[in-house]
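Each chain, letter by letter, is given below.
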Amino acid sequence: MSVPSVVIAGCGDVGSRLASQLLASQWEVHGLRRDISRLPDGVIGIAGDLFNKDCPDTWPIGGVDYLVYCAAATDHDEAGYRAAYVQGLQHVLEWLGDYGQAPKHLLFVSSSSVYGQQNGEWVDETSETQAKGYSGQVMLEAEQVALNSGIPASIVRLTGIYGPGREWLLTQVRQGYRVAIDPPLYGNRIHADDAAGLLAFLLRHVEQGGSLDKFYIGVDDAPAPLAEVVAWLREYLGVTQWSEDASVRRAGSKRCSNARAKALGWVPTYPSYREGYAAILKG
């Protein structure tokens, strides 16, 4: 019996966590990134650049059962986003075509930035996409490339990813970070392990004969006001001083729901920021 094979295009932090989870399930995992020495042990490296139209020499020549497109922009402007998410995906789809490969399913890792709701509304996969900035607008464009690829595809819109190595908020809190309390600025987050876990769960679901919707939101169970998160972290860390020059964040506010993913059977390991940050701080 053959094992399922997957190409993770853009095998960085979340992609590498996904690779490790799939390897533990005896999948054959190919990871594409520029520096393949940074891939987890057991991943078959594809040394390549998503920004380069030329197919990497080490692209797998056999069948590819699944494709996960999990890129990250290197230039944070509109051109950089389009290169990473639209053009990069187009390149990978062309490489699949060059080798006559037809995956069973494509997972495109998108962002909750496609939702521009501002007033603390609950948002789910049926909510109107109201992207305000170029990042969300380009993501919507890239999502359509995936959905129009001819491969059965699902879009996974991840919220704010945190975890080891993604500790911006912890650093800010230690420096006396001050945020607005009223109106509440709701934040949505997902631990990096849960982001990878959701992707792995969806792939396994298809491999076991299940079907997927076109859209999923990757978020924990408990979107919370940023002020609440900061207050909890201050107490946990024992921070008592406010920085004189602490910034006051005034940004969009929405609450994302993970009900669709949970209805399929996915359960996050870290259901709220409390469990997730506690795990990071305990090492």
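Calculation criteria
Residues numbered from 1 in each chain as written. Predicted model: local features only at pLDDT ≥ 70, side-chain atom pairs only at ≥ 80, totals over all residues. Heavy atoms only, no water. Helix = DSSP H or I, 4+ residues; strand = E, 2+ residues; numbered from the N terminus. Rg over C-alpha atoms; globule rule 2.2 N^0.38 Å. Buried < 20%, exposed > 50% of the residue type's maximum accessible area, 1.4 Å probe, protein only. Contact = heavy atoms within 4.5 Å. Axes fitted to C-alpha atoms, helices over the stretch in contact; angles between N-to-C directions. Parallel < 35°, antiparallel > 145°, perpendicular 65-115°, else oblique. Nonpolar A, V, L, I, M, F, W, Y, C, P; charged D, E, K, R; others polar. Core = buried A, V, L, I, M, F, W, Y, C linked by side-chain atoms within 4.5 Å. Expected span 1.5 Å × (residues − 1). UniProt positions renumbered as here; feature names shortened; annotations may be inferred. Pairing = 2+ DSSP bridges. Right-handed = clockwise from strand over helix to strand, strands pointing away. Phe/Tyr/Trp six-rings, centres within 6.5 Å; stacked < 30°, edge-to-face > 60°.

- The name given to the protein chain in an unreviewed UniProt entry is Nucleoside-diphosphate-sugar epimerase, and the organism recorded there is Pseudomonas extremaustralis.

1. Overview of the overall build of the protein chain
Alright, step 1. Scanning the protein chain from terminus to terminus reveals 8 helices and 13 strands.
Alright, step 2. Against the compact-globule benchmark of 19 Å for 283 residues, the protein chain has a radius of gyration of 19 Å, which places it among compact chains.
Alright, step 3. Along the longest, intermediate and shortest principal axes, the C-alpha atoms of the protein chain span 60 × 40 × 35 Å.
Alright, step 4. A burial count over the protein chain gives 53% of its 283 residues as buried.
Alright, step 5. Taking the intrachain contacts of the protein chain between residues at least 6 apart in sequence as the baseline, contacts between residues at least 24 apart amount to 76%.

2. Topic: the packing of helix α2 (residues 78-98) against helix α3 (residues 134-147)
Alright, step 1. With their axes 9 Å apart at the nearest point, α2 and α3 run at an angle of 10 degrees to one another. The orientation of α2 with respect to α3, classified from their angle, is roughly parallel. Residues Glu78, Tyr81, Arg82, Tyr85, Val86, Leu89, Gln90 and Leu93 of α2 form the contact with α3, whose own contacting residues are Tyr134, Ser135, Val138, Met139, Glu141, Ala142, Val145 and Ala146.
Alright, step 2. Across the contact of α2 with α3, the residue classes break down as 11 nonpolar, 2 polar and 3 charged.

3. Concerning the nonpolar core
Alright, step 1. Formed by 37 residues in total, the largest nonpolar core has its most connected members in Leu50, Trp59, Tyr69, Tyr85, Val92 and Phe108.
Alright, step 2. Residue assignment for this core shows that the elements contributing at least two residues are β1 (5-9), β4 (66-69), α2, β5 (105-111), α3, β7 (153-158) and β11 (215-218).
Alright, step 3. Looking at which element gives the most residues to this core, the answer is α2, with 9 residues.
Alright, step 4. The contacts of leucine 50, once residues within four sequence positions are left out, are Ala9, Gly10, Leu32, Tyr69, Ala71, Gly88, His91, Val92 and Trp95.
Alright, step 5. If you look at the next biggest cluster of nonpolar residues, it comprises 31 residues, including Cys11, Leu39, Val109 and Ala261.

4. Thoughts on helix α1 (residues 13-24)
Alright, step 1. Helix length check: α1, at 12 residues, gives a terminal C-alpha distance of 17 Å against a target of 16 Å (1.5 Å per residue), a fit within 8%.
Alright, step 2. For α1, the full list of buried residues reads Val14, Gly15, Ser16, Arg17, Leu18, Ala19 and Leu22.
Alright, step 3. Where α1 terminates, the next one or two residues include glutamine 26, which has phi positive at roughly 70 degrees.

5. A short note on the UniProt feature "domain: NAD-dependent epimerase/dehydratase" (unreviewed entry) in the protein chain
Alright, step 1. According to UniProt, the positions carrying the feature "domain: NAD-dependent epimerase/dehydratase" (unreviewed entry) are residues 8-218.
Alright, step 2. With 33% helix and 21% strand, residues 8-218 has its two end C-alpha atoms placed 18 Å apart.

6. Re the pairing of β1
Alright, step 1. With 5 of its 5 residues buried, β1 lies for the most part within the structure.
Alright, step 2. Burial along β1 is two-sided: Ser5, Val7 and Ala9 facing one way and Val6 and Ile8 facing the other are all buried.
Alright, step 3. Pairing analysis gives 5 bridges linking β1 to strand β2 (residues 28-33), with the strands arranged parallel. Counted as the bridge partner of serine 5 is glutamate 28 from β2.
Alright, step 4. For the crossover that starts at β1, traverses α1 and ends in the parallel β2, the hand is right-handed.
Alright, step 5. Bridge count for β1 against β4 is 4 bridges, and the pairing is parallel. Note on β4: the bridge partner recorded for valine 7 is leucine 67.

7. Quick look at the packing of aromatic side chains
Alright, step 1. Tallying each qualifying case throughout the model produces 9 aromatic pairs.
Alright, step 2. Their ring planes at 55 degrees and their centres at 5.3 Å tell us that tyrosine 81 and tyrosine 85 sit as a pair that is tilted. Of this pair, tyrosine 81 and tyrosine 85 are both found in helix α2, 4 residues apart, which corresponds to roughly one turn of the helix. Both residues of the pair, tyrosine 81 and tyrosine 85, belong to the buried class.
Alright, step 3. Consider the rings of tyrosine 162 and tyrosine 277, whose centres lie 4.6 Å apart with planes at 25 degrees: the pair is stacked. Residue tyrosine 162 is located in strand β8 (residues 160-162), and its partner tyrosine 277 is located in helix α8 (residues 273-282); the two are separated by 115 residues in the primary sequence. For the residue pair tyrosine 162 and tyrosine 277, the accessibility class agrees, reading buried in each case.
Alright, step 4. Here the aromatic cluster, defined as three or more aromatic residues joined through ring pairs, consists of Tyr81, Tyr85 and Tyr134.

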